[in-house]
Amino acid sequence: MREVIDLACTVCKQRNYSTNKNKKNDPDRLERNKFCKFCRKHIAHKEVK
């Protein structure tokens, strides 16, 4: 049930993080505040395919 996903910065669109999630419990896309090393700030990162 768990699937590996990538998190991309909403500003510069770089894929900075990868994680996994349970598709059954979380069907919509994840959004987390993470540090972007390209923007050098904490910015929202969204799930991408």
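This text follows the structure it describes.
The structure contained in this document is the topic of the report that follows. (Residues numbered from 1 in each chain as written. Predicted model: local features only at pLDDT ≥ 70, side-chain atom pairs only at ≥ 80, totals over all residues. Heavy atoms only, no water.)

1. Considering the sheet that holds strand S1 (residues 2-9)
Here is step 1: Taken in spatial order, the 4 strands line up as S2-S1-S4-S3 in an open sheet, and their pairing is antiparallel. The open sheet has two edge strands, strand S2 (15-22) and strand S3 (31-36), and neither has a second partner. Each strand of the sheet is rotated relative to its neighbour by a mean of 40°, with strand direction disregarded.
Here is step 2: Here S1 runs beside S2; their pairing, made up of 7 bridges, is antiparallel. Counterpart to aspartate 6 in the pairing with S2 is serine 18. (Pairing = 2+ DSSP bridges. Helix = DSSP H or I, 4+ residues; strand = E, 2+ residues; numbered from the N terminus. Axes fitted to C-alpha atoms, helices over the stretch in contact; angles between N-to-C directions.)

2. Some points on the state of the cysteines
Here is step 1: Within this structure, the stated rule accounts for 0 disulfides.
Here is step 2: The thiol of cysteine 12 is unpaired, and the distance to the nearest cysteine sulfur, on cysteine 36, comes to 3.7 Å.
Here is step 3: When its relative accessible area of 28% is taken as the criterion, cysteine 12 is described as partly exposed.
Here is step 4: With no disulfide partner, cysteine 39 has as its closest neighbouring cysteine sulfur the one in cysteine 12, 3.7 Å distant.
Here is step 5: The exposure class of cysteine 39 is partly exposed, given its relative accessible area of 22%. (Disulfide = S-S within 2.5 Å. Buried < 20%, exposed > 50% of the residue type's maximum accessible area, 1.4 Å probe, protein only.)

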